[in-house]
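Each chain, written out:
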Amino acid sequence: MESLQRMDWLAFVGRSFLGVLSWLGQIAALMGELVIGLKSGRWRLKLVAHQIVAIGYGSQLVVVVTGAFTGAVFAFQSYAKFKEFGIESTVGAIVSVALCRELGPVLAGLMVSGRVGAAMAADIGTMKVTEQIDALRVMGVHPVDYLVLPRFLAMCVSMPLLVAESIAFGLMAAYALIVYGFDVPGGWFWQHTVDHTEALDVGIGMFKGLVFGVIITLISCHQGLMAENGAVGVGLGTTRAVVYSSLTMLVSNFFLTIALNYVSPMSTTS
């Protein structure tokens, strides 16, 4: 009995591992088709512009509110602890670096995944189950070039800007709370912020946003292209798109943080 349970567990692990490998292979194949589409030069700039409006402009409110309240909450928590040591004026530096390197890109990515990733999977999935994608192939139009590539390019443009916007509004909210709410001198707040925040910190946040945008597009469009079984399949693909994108971003953020810390260390010792 014990040996049978062990075999069942090993079979489950094996099936899961092979499933993940198969999924990664499909994502890599989709990325390969995107690279071919990029090299072809048929970018359909009108569709790209339309997607930039839908992704970038349409996500601004969500990202701004998320960034602002995240910055305000993090500033409040930092101030409450730093006041015990008499260093409350350094809150700006802590909030700035945290927003640039981690909170801004990660939370913006999660919000965009929930809003845009779900829409991508639903739109493409609906076209798949209603055989519109097959109609594109009949007309000689490659589905990846027509449906995925414009969204990919639009996401690459929009996500870094959305992350920068999230960082900016988070800092403004933190400034307003600390300076006007707790009477910390504004000059000290900005001085510490400027002294301890480098342009590379902002660049790291925007680069993470770019990577997260690629992840969202690949996973969401893949789920849409793989949808089947009518409305049930579209709903399942939409759910998977958000969950898989969010989990992949969180896992990849860990490795990105470690790798980018070698490029721009959080601290240096002399």
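All figures in this text were calculated on a predicted structure; none of them were measured in a lab. The residue numbering used here restarts from 1 in each chain and proceeds along that chain's sequence as written. Where local features are concerned, this predicted model is filtered to residues with pLDDT of at least 70; where side-chain atom pairs are given and counted, the filter is 80 or more; whole-chain, interface and lining totals use all residues. Only hydrogens and water are set aside when side-chain values are computed; all heavy atoms of the structure are taken into account.

1. Some words on the pattern of salt bridges
Our working definition: We define a salt bridge as a contact between a side-chain nitrogen of Lys or Arg and a carboxyl oxygen of Asp or Glu at a distance within 4 Å. The rule is simple: take the accessible area with a 1.4 Å probe, protein chains only, and divide by the maximum for that residue type; under 20% is buried, over 50% is exposed, in between is partly exposed. Counting from the N terminus, the helices are the DSSP runs of H or I reaching at least four residues and the strands are the DSSP runs of E reaching at least two.
As enumerated under the stated definition, the model contains six salt bridges in all. Note that Glu84 and Lys81 form a salt bridge whose closest N and O atoms lie 3.6 Å from each other. When its relative accessible area of 57% is taken as the criterion, Glu84 is described as exposed. Residue class for Lys81 comes out partly exposed when judged on its relative accessible area of 44%. For Asp201, the salt bridge identified is with Arg101, shortest N-O distance 2.9 Å. With Asp201 in helix 8 (residues 199-225) and Arg101 in helix 4 (residues 91-129), this pair connects stretches of sequence that are 100 residues apart. Here Asp201 matches Arg101 in class, with each residue buried.

2. Comments concerning the nonpolar core
What counts here: Throughout, nonpolar core names a set of buried Ala, Val, Leu, Ile, Met, Phe, Trp, Tyr and Cys residues whose side chains join them through atoms within 4.5 Å.
Counting 52 residues, the largest nonpolar core has Val112 and Met155 as its most contacted members. Secondary-structure elements contributing two or more residues to this core are helix 1 (2-40), helix 2 (45-57), helix 3 (60-82), helix 4, helix 5 (132-138), helix 6 (143-182), helix 8 and helix 9 (230-263).

3. Some words on the confidence of the model for the protein chain
Going by this rule: Per-residue confidence from the prediction method is given by pLDDT, with values spanning 0 to 100.
Confidence in the prediction of the protein chain, expressed as mean pLDDT, is 89, and 96% of residues score 70 or more. Within the protein chain, helix 1 has the poorest average pLDDT of any element, 83, and helix 8 the best, 94.

4. Re the packing of helix 6 against helix 7 (residues 186-196)
Selection rule: Helix axes are fitted only over the stretch in contact, all axes being lines through C-alpha atoms; the angle between N-to-C directions runs from 0 to 180 degrees. Reported orientations rely on four angle classes, namely roughly parallel under 35 degrees, roughly antiparallel over 145, roughly perpendicular from 65 to 115, and oblique for the rest. Note on convention: the crossing is left-handed when the near helix lies turned anticlockwise from the far helix by less than a right angle, right-handed when the turn is clockwise. We call two residues in contact whenever any of their non-hydrogen atoms come within 4.5 Å of each other.
Running from N to C, helix 6 and helix 7 point in directions that differ by 140°, and their axes come no closer than 9 Å. Taken together, the axis directions place helix 6 and helix 7 in an arrangement best described as oblique. The element helix 6 and its partner helix 7 pack so that their crossing is right-handed. Contact residues: Ala174, Tyr175, Ile178 and Val179 in helix 6; Gly186, Phe189 and Trp190 in helix 7.

5. What about helix 9?
Here is the rule we go by: Expected span, for any helix, means 1.5 Å times one less than how many residues it has.
Taking 1.5 Å as the rise per residue, helix 9 with 34 residues should run 50 Å; its terminal C-alpha atoms sit 47 Å apart, in good agreement. Burial in helix 9 covers these residues: Gly233, Val234, Gly237, Thr238, Ala241, Ser245, Ser246, Met249, Ser252, Asn253, Leu256 and Leu260.

6. Thoughts on the packing of helix 2 against helix 6
Any two packed helices are characterised by the angle at which their axes cross and by the distance between the axes. Stated formally: Residue polarity is assigned by list, with Asp, Glu, Lys and Arg as charged and Ala, Val, Leu, Ile, Met, Phe, Trp, Tyr, Cys and Pro as nonpolar; anything else, Gly included, falls into the polar class.
Where helix 2 contacts helix 6, the two axes come as close as 8 Å, and the packing angle between them is 45°. Between helix 2 and helix 6, the angle is such that the two are oblique. Considering the relative orientation of helix 2 and helix 6, their crossing is right-handed. Taking contact as the criterion, the partners of Leu47, Val48, Gln51, Ile52, Ile55 and Gly56 in helix 2 are, on helix 6, Tyr146, Pro150, Arg151, Leu153, Ala154, Met155, Val157, Ser158 and Leu162. Among the residues forming the contact of helix 2 with helix 6, the class breakdown is eleven nonpolar, three polar and one charged.

7. Notes on the packing of aromatic side chains
Condition: Classification of ring pairs rests on two measures: the distance between centres of Phe, Tyr or Trp rings, Trp counted by its six-membered ring, which must be within 6.5 Å, and the angle between planes, read as stacked under 30 degrees, edge-to-face over 60 and tilted in between.
Evaluation of the coordinates by the stated rule reveals eight aromatic pairs. Taken together, a centroid distance of 5.5 Å and an interplanar angle of 85° make the contact between Phe189 and Trp190 edge-to-face. Accessibility expressed as a relative area gives 0% for Phe189, which makes it buried. Take Trp190: its relative accessible area is 34%, and that puts it in the partly exposed class. Seen in terms of ring centroids, Phe254 and Phe255 are 5.1 Å apart; in terms of plane orientation they differ by 80°. Their pairing is edge-to-face. For Phe255, a relative accessible area of 52% corresponds to the exposed category. Linked through ring pairs, Tyr175, Tyr180, Phe189 and Trp190 together constitute an aromatic cluster.

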